[in-house]
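Understanding the architecture of this molecule
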Amino acid sequence: MKRAVALTTLLSLAILAAPPASAVALPGASSETSGRKPDLGRQTLPANDGWAAEGTGTTGGAAAPASNVHTVSTRTELATALAAPSPKIIYVKGTVDTDRTCADYATGGYTLEAYLAAYDPAVWGRAAVPSGPLEDARVASAARQTANIKFKVGSNTTIVGLGKNARIRGVNLHVDKADNVIIRNVLFEDTADCFPKWDPTDGAEGNWNSLYDNISVTGSTHVWVDHNTFTDGDNPDSNQPRYFGRPYQVHDGQLDITNAANLVTASWNRFSGHDKTMLIGSTNNPANDTGKLKVTVHHNHFDDVLQRLPRVRFGQVHVYNNYYEIPDASTFEYALGVGVQSQIFAENNFFRLGRAVAPADLLYNWGGTTLTARENVLRVGGRVTPIDLVAAHNAAYDPDLGTDAGWTPVLHTAIEPARTVDRSVSRHAGVGEIH
């Protein structure tokens, strides 16, 4: 039951900010001291920069010989480069796009109109998932799309955009069972599923489910995702139709980290205009994920996104110095999802809310019990005030969340005062903003 929201003032902790784009170049890489721009392909994750710096750290393909450095501008060139031996560096120049349309993938007699007619709850009911010839045709069509747009990223690889106009559109990069991967300075746009599946048993009203993230990290370690921009372009979730009373969801996550992935740093990215943004842990099964899913999320700009910022299961996840712009209460669901056995440590984040957005809704309890939240600030209108995220949630919702995640992060860059985060992140997050 809703109760009055109580906001508790936190103690101030002002630690000087780190430079917004730090990276270490291997010997032999060009540098600013030599009068040339640094070679982003040879840059590596700085020491202590989040969980991806643990142990051996993250160097990607920085040690690649000249023979294994690739510049790609087409889907075919990207596929060829990803299949090359490692270590490797892949520079993205201009726009890498898919070379087919949804109509090219459809097979077995699939059409959306026929699918909607066959599985309308008034006809099919709500007790069973779709089956039969049209569902088989949807699965076969989806398999054709997957073969064309889903690319595996192997170990010891760096993918980096050249300049401010590097773009990968309609492609799912899948970092699967790999170690030591860097993805930087790329605009990822509209990885849309042509054949979403209707599941009437998913939730009380059913849901449409799509297959593809922009970047999927599964079963991988030491991954650095930095200074990218994620957007649905001219095909936003907000423009999708509703079928059977539910949004026709053609997008999944923008950056999902699941299936026992571990030691990931996501920094200085811009996520905009999307629904399901960042999922850390995809099941409630402790056998797979206990002790894994250690992720650092820092200096990212979450701009008008609806949920999963991130949603966490199991992992020790450090969420600091992020800028959240949430203007619309009618679409927003929550920012931090506190899932089963999650251990979120959220500090020095800046939340800018529209006047109708309830601060109590910044957290959502997905079966978790506790998190640490300190030194976060809230701006509504022109006023910036401290916010105790846990107290705000607990004043409005039951059961209460505890206030101690049970760990304290040690791998992180200098943490800047929360009141300055909106300025530093809005200026320096996203593609083309590495300085």
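So, here's what we can say about the structure. Since we're looking at a predicted model, the values are computed, not measured. (Residues numbered from 1 in each chain as written. Predicted model: local features only at pLDDT ≥ 70, side-chain atom pairs only at ≥ 80, totals over all residues. Heavy atoms only, no water.)

**As for the layout of surface pockets**
By volume, the largest pocket is sized at about 1200 Å³. Contributions of two or more residues to the lining of the largest pocket are made by β13 (207-209), β14 (215-218), β18 (246-247), β19 (255-258) and β31 (363-366). Taken together, the residues of the lining of the largest pocket break down into ten nonpolar, 18 polar and 16 charged. (1 Å grid on protein atoms, 1.4 Å probe; cavity = no way out; pocket = protein on both sides within 12 Å on 5 of 7 lines; lining within 4 Å. Points joined across faces, edges and corners; volume = space filled by probe spheres on them. Helix = DSSP H or I, 4+ residues; strand = E, 2+ residues; numbered from the N terminus. Nonpolar A, V, L, I, M, F, W, Y, C, P; charged D, E, K, R; others polar.)

**Structural notes on the pattern of salt bridges**
Should the charged atoms of two oppositely charged side chains come close, the side chains can pair. Using the criterion set out here, one finds ten salt bridges in the structure. The salt bridge partner of R169 is D97, with a shortest N-O separation of 2.8 Å. Note that R169 is positioned in strand β8 (residues 167-169) and D97 in strand β5 (residues 95-97), a separation of 72 residues in sequence. A salt bridge links K177 to D176; its shortest N-O distance comes to 3.4 Å. (Salt bridge = Lys/Arg side-chain N within 4 Å of Asp/Glu carboxyl O.)

**A look at helix α5 (residues 133-149)**
Taking 1.5 Å per residue, 17 residues should reach 24 Å; α5 reaches 25 Å between its end C-alpha atoms and fits that length. All of the buried residues in α5 are L134, E135, A137, R138, S141, A142, Q145, N148 and I149. Viewed along the axis of α5, the buried residues span an arc of 155 degrees, placing them on a single side of the element. Along α5, the residues that are exposed and aim more than 90 degrees away from the buried face are P133, D136 and A147. The elements touched by buried residues of α5 are α1 (75-82), α2 (102-105), α3 (112-119), β6 (150-153), β9 (172-176) and β12 (197-199). (Expected span 1.5 Å × (residues − 1). Buried < 20%, exposed > 50% of the residue type's maximum accessible area, 1.4 Å probe, protein only. Arc of directions from axis to C-beta. Contact = heavy atoms within 4.5 Å.)

**What to know about the packing of aromatic side chains**
Inspection of the entire model under this criterion finds 22 aromatic pairs. Judged by centre distance (5.2 Å) and plane angle (80 degrees), the ring pair of Y119 and W124 falls under edge-to-face. The exposure class of Y119 is buried, given its relative accessible area of 2%. Residues F271 and F302 carry aromatic rings whose centres are separated by 5.1 Å and whose planes lie at 10 degrees to one another, so their mutual orientation is stacked. Pair noted here: F271 is in strand β21 (residues 270-272) and F302 is in strand β24 (residues 301-303), with a separation of 31 residues, a long-range link. Relative accessible area serves as the criterion here: at 1%, F302 is assigned to the buried category. Grouping aromatic residues by their ring pairs yields a cluster made of Y110, Y115, Y119, W124, F195, W198, W208, Y243, F244 and Y248. Here the basic side chain of R311 rests over the ring of W366, its NZ or CZ set 3.9 Å away from the ring centre. (Phe/Tyr/Trp six-rings, centres within 6.5 Å; stacked < 30°, edge-to-face > 60°. Lys NZ or Arg CZ within 6 Å of the ring centre and 35° of its normal.)

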